[in-house]
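# Summary of the model geometry
So you can see what is in the structure, the chains are spelled out below.
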There are 2 protein chains.
Amino acid sequence: MIKLISSIVFVLFCFFANCQTQLNDSVIAASFFSKSLTDDWAINNLEYLVTSFPKRLCGTKAVSEAVKWSEKTLKELGADTIFRQDLMVLHWDRGAQEKGFIESKQFGKNKINVCALGNSVSTVQNGITAEVLEVQNFEELQKLGTENIKGKIVFFNRAMDPKFFYTFQAYGGAANQRTKGASEAAKYGAIAVIVRSLTLSNDTFPHTGVMRYDTNYAKIPAFCVSTFHADQLSNQLKKDSKLKIYLESSCTMLPEEKSCNIISELKGTEFPNEYITIGGHIDCWDNSAGAHDDGSGIIHSMEVLKLFKDLGIKPRHTIRIVMFMDEEMDQRGAKKYAEYAEKNKEKHIAAIESDRGGASPIGFSLDVNDTIYNKVMLWQKLFNNYGFYQFIKGGSGVDIGPLKKFGTPLFAIMPDSQRYFDYHHCANDTFDKVNKRELQLGSAGIALLVYLIDKYGL
Amino acid sequence: MIKLISSIVFVLFCFFANCQTQLNDSVIAASFFSKSLTDDWAINNLEYLVTSFPKRLCGTKAVSEAVKWSEKTLKELGADTIFRQDLMVLHWDRGAQEKGFIESKQFGKNKINVCALGNSVSTVQNGITAEVLEVQNFEELQKLGTENIKGKIVFFNRAMDPKFFYTFQAYGGAANQRTKGASEAAKYGAIAVIVRSLTLSNDTFPHTGVMRYDTNYAKIPAFCVSTFHADQLSNQLKKDSKLKIYLESSCTMLPEEKSCNIISELKGTEFPNEYITIGGHIDCWDNSAGAHDDGSGIIHSMEVLKLFKDLGIKPRHTIRIVMFMDEEMDQRGAKKYAEYAEKNKEKHIAAIESDRGGASPIGFSLDVNDTIYNKVMLWQKLFNNYGFYQFIKGGSGVDIGPLKKFGTPLFAIMPDSQRYFDYHHCANDTFDKVNKRELQLGSAGIALLVYLIDKYGL
């Protein structure tokens, strides 16, 4: 009987303790969101970052200045420690504004908006002129073969598929044209490639991004062309297959530069040597202010630190806010961070990346095992009040990806993706495209996830 | 035994039939979204509507032209019937651009961005100048009383509360200053009111909206002021409580004008006399292009018709696409539609309104009883793949609201609300603020809801 009563008491205790815990977590959740939604810190600092240091491609003075700003800002926010992880980065320089023209007997000479893809070699000094071959994919190239391709400019015109709800899937389905198209075309003797911009928008911005050469083939110049002009080129080609394109670029690979990741910490009270990493990348493309990509991720990460400090929450584990360097070109920062972790035998209990823009958050992508996934799903309700509903198993991000080999559970915040590729890697990614409240919701959501991981473990 | 076997067979039949039904519904859902996401009809027609007929306040030539465009467009889309419901509307005219200045001995003369609230009377011809009393709410007015208020301009400066996730709640918490503030202040002898714009953005746009007079009190001029200038005024008042404001407006109420709702129908194959209404309002404020409010709702509604036609889906009940007139000023269209329904003893099985903008949809608000709510919740999963997660019991919309007295289940699509009040009722509500894909998702989501209601009933 005593046993029964004590069992009942224990069950009741657990029930009320659980209710109390849930209640406390709800209160903390509300505190993070209320604090963020009533504080202009995030939007003001995003404005400062992206308007003071636009075009902060790795290797540039702009990104060095942004690094200094981030150190100063993290210090002001009250980080316990701030240190640099030194590394060397590529310094690719675009040179003069690229030129592109369609030259058609039927349609005359028409300017098209092009720009060199990141890492591309330049054209010869006065540009190149050649006939154009439009293809959708590498299989088509293979079928056409050297006899049809040699001496021509290959035009990859496969559009992102608008039917995907989550636009990153559409991006994934079209990106290999940009990253690998040049070498695939060079295999068959093409002299340059021009790739349809990776956006779902019909716009006149060339959207750049990195490309890589397969060293087995000639390095040929690689360009992107705005979707508007890609459609124009495709339409004209249908009526005049002999039209030519003129392309000119003067990009160069300069000597590597010294650079760094910036690491700042809020020291854990119980487990100072166990880390929860939150990060975004401080570099961006040289044709962009990088407001969504990835100014928003930098601000999200910094604001997590601010929220913990403002609310006086002392984490049990050390929270690391990382400003990753060189996500866009060669991911040297990502590699360095994982190397450093390995060398120092650091224990990383979770890492969260924000590199999908600053729009209204809809959830998290989790690169974790089933046990952890199920645990996180128990917290889902805490997020629902603030628009986070999607907790899906999937990828995380480029900068935290190398931690996967240590078994670290990885997370990426998922903002609404509909507009993201309208801005991605082009001159349209400006401060005014980020909404204050949407940005604030992202910071608060990451802070809540960090809080729960820190409190309950994974 | 035979009974048992036949029971098992029946259960299995139901199970597979149910699976099949769910599968079919998923396919239909995918068809609506794929079709919408691959068709620029919505964004192109939104552009045409809001750039050809901006400032389409009821009673204006602009809204008459928009009505003609909507009839032509609905005809092109293949509506079975199109007819007008004639009605009379107020014709309030803003007159010349309003003027507002702060006149302070300490701070000098500073322009503030103001505009008359809809339905307001004008100031006297050369404007009014008076001291200002800042208040947050009506209780404060009452405490201050006539001795402190008489002869002054009352400045209502209660901000929308940014802590609400769903910004319409923040709007609801601040809107009575705009709608009733003038009469509340006139009670105590105020000579005009100036109301902080209802937006969560710190901007320089005055955001207008309707106000109403209580006929027991003097009609005094009512203005809104941009949030930027509201803050400026408030800050200056703290240091110079004797500063004055100059306000000038020349708005007039002209004679009522003939106008109409536009009704178009896709006739039901089984129940042609039972209606599912989908609508938005074709009027908008005279200081705005009305892209989110409510060009998006008009386009959403029209595209539902297009999606049914394009996919060859013949509804069992008649689908009515309604372009409501005069949502902004006096809701004459809403009243007329319900009157007409009553007079003709129409059976309305559901009504869906789109009047919360064209951003990414996050769900529906349902003004329905528990039985219907639970039924709709069974369909929720079909929507989740497309970002619709919130199915909440709440209000629907002003235009379908009067159908509630007939017991009609009412629905409102809920787009993400974070940005909505940045654009609401001001010059910032322009075409470029609406994203193609976000708009498309809204149309497809409404079409899916209509499809399910039509197929399964409520």
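Residues numbered from 1 in each chain as written. Chains lettered and ligands numbered in written order. Predicted model: local features only at pLDDT ≥ 70, side-chain atom pairs only at ≥ 80, totals over all residues.

### Considering the nonpolar core
- Membership of the largest hydrophobic core comes to 120 residues, with the highest contact counts inside it found for Ile 153, Val 154, Val 193, Ile 194, Phe 223 and Val 450 of chain A.
- Broken down by element, the residue count for this core peaks at 11 residues, all from helix H13 (residues 436-456) of chain A.
- Taken together, domain 1 (36-92 + 256-456) and domain 2 (95-250) of chain A each give at least three residues to this core, which thus spans both.
- When sequence neighbours within four positions are dropped, the list of residues in contact with Phe 223 of chain A reads Glu 98, Gly 100, Val 114, Cys 115, Ala 116, Leu 117, Ala 192, Ile 194, Val 195, Leu 247 and Ser 249 of chain A.
- Membership of the second largest hydrophobic core comes to 119 residues, among which are Ile 220, Ala 338, Phe 411 and Ile 413 of chain B. (Core = buried A, V, L, I, M, F, W, Y, C linked by C-beta atoms within 7 Å. Buried ≥ 20, exposed ≤ 12 C-beta atoms within 10 Å, placed from the backbone. Helix = DSSP H or I, 4+ residues; strand = E, 2+ residues; numbered from the N terminus. Domains from an automatic or database assignment. Contact = placed C-beta atoms within 7 Å.)

### Regarding the sheet that holds strand S6 (residues 153-156) of chain A
Residues and elements named next belong to chain A.
- Strand order in the open sheet formed by eight strands is S3-S2-S9-S5-S6-S7-S8-S4, with mixed pairing between adjacent strands. Strands at the two margins of the open sheet, each flanked by one partner only, are strand S3 (108-111) and strand S4 (114-116). Sheet twist, expressed as the average angle between the axes of neighbouring strands with direction ignored, equals 30 degrees.
- Pairing between strand S5 (residues 128-135) and S6: four bridges, direction parallel. Within S6, the residue paired with Leu 133 across the bridge is Val 154.
- Where helix H6 (residues 176-186) meets the sheet, its contacts fall on S6, strand S7 (192-196) and strand S8 (222-225), and the angle it forms with S7 comes to roughly 155 degrees. (Pairing = 2+ DSSP bridges. Axes fitted to C-alpha atoms, helices over the stretch in contact; angles between N-to-C directions.)

### Re the relation of the copies chain A and chain B
- With an axial shift of 0.0 Å and an RMSD of 0.0 Å, the rotation relating chain A to chain B amounts to 180 degrees. Look at the turn and shift together and you get a two-fold axis relating the two. If distances are taken from each C-alpha of chain A to the rotation axis, the shortest is found for Tyr 389 of chain A, at 3.4 Å.
- When the interface residues of chain A are mapped onto chain B, 100% of them are again interface residues, pointing to one common binding face. (Least-squares fit on C-alpha atoms with pLDDT ≥ 70 in both.)

### Things to note about the packing of helix H2 (residues 41-52) of chain A against H13 of chain A
Residues and elements named next belong to chain A.
- Between H2 and H13, the shortest axis-to-axis distance is 9 Å and the interhelical angle comes to 110 degrees. Put simply, H2 runs roughly perpendicular to H13. Touching Ala 42, Ile 43 and Leu 46 of H2 are Lys 436, Leu 439, Gln 440 and Ser 443, all from H13.
- Residues of the contact of H2 with H13, tallied by class, amount to four nonpolar, two polar and one charged. (Parallel < 35°, antiparallel > 145°, perpendicular 65-115°, else oblique. Nonpolar A, V, L, I, M, F, W, Y, C, P; charged D, E, K, R; others polar.)

### Topic: the confidence of the model for chain A
- Within chain A, residue pLDDT values average 96, and 95% of them lie at 70 or more.
- For this predicted complex, the interface confidence score (ipTM) comes to 0.94, while the overall pTM stands at 0.95. (pLDDT = per-residue confidence, 0-100.)

### Describing the interface of chain A and chain B
- Across the contact, 19 residues belong to chain A and 19 residues belong to chain B.
- Only helix H1 (2-37) and H13 of chain A provide two or more residues apiece to the side of chain A that touches chain B.

### Things to note about the domain arrangement of chain A
All names here are of chain A.
- Under the domain assignment, chain A is made up of domain 1 (36-92 + 256-456) and domain 2 (95-250).
- Just the C-alpha atoms count here: the centres of domain 1 and domain 2 sit 33 Å apart.
- Ranked by the residues each element gives to the side of domain 1 that touches domain 2, the list is headed by helix H12 (residues 420-423), at three residues.

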